[in-house]
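Structural overview for review
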Amino acid sequence: MSNILSFARRKPASAPADATIGAFLDGFSIEVMPRTAEKIADFRAILPQSTRVYIAHIDGTPIEEMVATAARLTAEGFDVMPHFPARIIAGAGELEDWIQRYGDVGVHQGLMLAGGVSSPKGDFTSSMEMLETGLFDKYGFDRLHVAGHPEGNRDIDVDGSDVNVSVALRWKQDFSERTDAKMAIATQFCFEAAPVIAWADRLAEEGIDLPIHIGVAGPAKLQTLIKFSMACGVGPSLRVLQRRAADLTKLVLPFTPDEVLADLARHKAAHPEFGIEAVHFFPLGGIAKTAEYTAQHGQPAARAAQA
């Protein structure tokens, strides 16, 4: 079925009640970096117990800082998932070293990425090449998430299509079926529900049924979101921010993900088979602000845990 027909069939309805949003946020995850994590005295004071916390590995960050952050978050009781960006890893030896280091502090899962650099620093050019080494299985990494791009990725498909991205996802689907790894797709952040719904429906039609953890930007200044969106290659849903920027009455107000979450939550409630399993927050306006947002909008039990 074409994207246009999927879009028409799955066009989201109006926003649901808060209870529906709360259910949709149950089991959310959040992304941090070592330098942003340092600003939080104790994550237990702001996040529900056992929240999955991804640690983004930006090019140039020493592995020692990554592992120290992973050790701290694990000790505080969180489910830690560091990034493994293929193109900044020198080769199988360095990959094995990283895996061992994380394993030593109790981490046995990771997010597989190509990595946001144009020229690989070593042998790996894609996350698939890392997965094929067998090193994650060797060291007992039992949960391996992979990247998803609901609005395409011009670093991979320079023509604006999603041909190469789709081929990669089909390979990862096959990998999940021939291994014991628990896998899911963690996506880039988006600002509009309709493109996400059309993309998820198309994956299902193509037999790709890996659970989707949809990326959403946490509350932030509009200028901040536009800057990050341009840098990260956010696609057509960027128009949501552009429309807001054109409205002078809203220009100075902080942006919140209420609308996209409400539309996706309502759609999930109406279509339980819909592929989104969880929400993954990018705290572009700060970890504390995003944590506060989840406490206000999440399930009562989660709010109590953060009280």
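As shown above, the structure is provided for reference.
We now turn to the structure provided with this report. (Residues numbered from 1 in each chain as written. Predicted model: local features only at pLDDT ≥ 70, side-chain atom pairs only at ≥ 80, totals over all residues. Heavy atoms only, no water.)

This brings us to the overall build of the protein chain. What the protein chain contains, in helices and strands, is 14 helices and eight strands. When the 307 residues of the protein chain are sorted by exposure, 52% land in the buried category. In the protein chain, the share of contacts with a sequence separation of at least 24, taken over all contacts with a separation of at least 6, comes to 78%. In the form shown here, the protein chain has an accessible surface area of approximately 14,000 Å², with 53% of it arising from carbon and sulfur atoms. (Helix = DSSP H or I, 4+ residues; strand = E, 2+ residues; numbered from the N terminus. Buried < 20%, exposed > 50% of the residue type's maximum accessible area, 1.4 Å probe, protein only. Contact = heavy atoms within 4.5 Å. Areas by Shrake-Rupley, 256 points an atom, 1.4 Å probe, with all protein chains shown as cover.)

The next subject is the side chain of Ser29. Structurally, Ser29 is set in strand β1 (residues 29-32). Overall, the relative accessible area of 2% leaves Ser29 in the buried class. Here the side chain of Ser29 touches His280 through a polar contact of 2.7 Å, side chain to side chain. Contacts of Ser29, omitting those with residues within four sequence positions, involve Thr51, Arg52, Tyr54, Val279, His280 and Phe281. (Polar contact = N/O pair within 3.5 Å; in protein donor to acceptor, adjacent residues only side chain to side chain.)

Turning our eyes to something else, we now look at helix α4 (residues 63-75). Taking 1.5 Å per residue as the helical rise, α4 with its 13 residues ought to reach 18 Å, and the 18 Å between its terminal C-alpha atoms agrees with that figure. By the burial criterion, the buried members of α4 are Ile63, Met66, Val67, Thr69, Ala70 and Leu73. Each buried residue of α4 lies within a common arc of 160 degrees when the element is viewed along its axis, so the set occupies one face. Just downstream of α4, Gly77 is the residue with a positive phi angle, here 95 degrees. (Expected span 1.5 Å × (residues − 1). Arc of directions from axis to C-beta.)

To continue, consider the packing of α4 against helix α5 (residues 92-104). Contact pair α4 / α5: the axes reach a minimum separation of 9 Å and the direction vectors enclose 25 degrees. When the interaxial angle is binned, α4 and α5 end up roughly parallel. α5 is crossed by α4, and the crossing has right-handed handedness. In contact with Ile63, Glu64, Met66, Val67 and Ala70 of α4, α5 contributes Trp98, Arg101 and Tyr102. Residues of the contact of α4 with α5, tallied by class, amount to six nonpolar, no polar and two charged. (Axes fitted to C-alpha atoms, helices over the stretch in contact; angles between N-to-C directions. Parallel < 35°, antiparallel > 145°, perpendicular 65-115°, else oblique. Left-handed = near helix turned anticlockwise from the far one by under 90°. Nonpolar A, V, L, I, M, F, W, Y, C, P; charged D, E, K, R; others polar.)

Before going further, it helps to spend a moment on the side chain of His57. Position of His57 relative to the elements: it lies in the loop between β2 (52-55) and α4. We classify His57 as buried; its relative accessible area is 7%. Separated by 3.0 Å, the side chain of His57 and the backbone oxygen of Thr61 make a polar contact. Apart from the residues within four sequence positions on either side, His57 is in contact with Ile63, Met66, His83, Pro85, Ile88, Trp98 and Tyr102.

Even without being a glycine, Ser50 presents a positive backbone phi close to 70 degrees. Look at Ser50 and you get partly exposed, because its relative accessible area is 48%.

Turning our attention to the packing of aromatic side chains. The description of an aromatic ring pair rests on the distance of the ring centres and on the angle between the ring planes. Using the criterion set out here, one finds twelve aromatic pairs in the structure. Ring geometry for Trp171 and Phe175: centres 5.5 Å apart, planes at 15 degrees, overall stacked. Of this pair, Trp171 and Phe175 both sit in helix α8 (residues 163-178), four residues apart, which is roughly one turn of the helix. With a centroid separation of 5.7 Å and 85 degrees between ring planes, the pair formed by Phe191 and Phe255 is classed as edge-to-face. (Phe/Tyr/Trp six-rings, centres within 6.5 Å; stacked < 30°, edge-to-face > 60°.)

Moving on: the pattern of salt bridges. Summed over all chains, the structure comprises eleven salt bridges. Between Lys121 and Asp59 there is a salt bridge, with the nearest N and O atoms lying 2.6 Å from each other. Of the two residues, Lys121 is situated in the loop between β4 (109-113) and α6 (127-132) and Asp59 in the loop between β2 and α4; the sequence distance between them amounts to 62 residues. Overall, Lys121 belongs to the exposed group, its relative accessible area being 51%. When its relative accessible area of 37% is taken as the criterion, Asp59 is described as partly exposed. (Salt bridge = Lys/Arg side-chain N within 4 Å of Asp/Glu carboxyl O.)

Within a sheet, adjacent strands bond to each other through the backbone by hydrogen bonds, running parallel or antiparallel. The parallel closed barrel is built from eight strands, whose spatial order is β1-β2-β3-β4-β5-β6-β7-β8. For this sheet the average axis-to-axis angle between neighbouring strands, irrespective of direction, equals 30 degrees. Where β1 lies against β2, four bridges are found, and the strand directions are parallel. Bridge pairing in β2 places Ile30 opposite Val53. (Pairing = 2+ DSSP bridges.)

Moving on to the pairing of β1. The alternating pattern of β1 places Ser29 and Glu31 on one face and Ile30 and Val32 on the opposite face, and all of these are buried. Across two bridges, β1 lies against strand β8 (residues 276-282) in parallel orientation. Bridged to Ile30 within β8 is Phe281.

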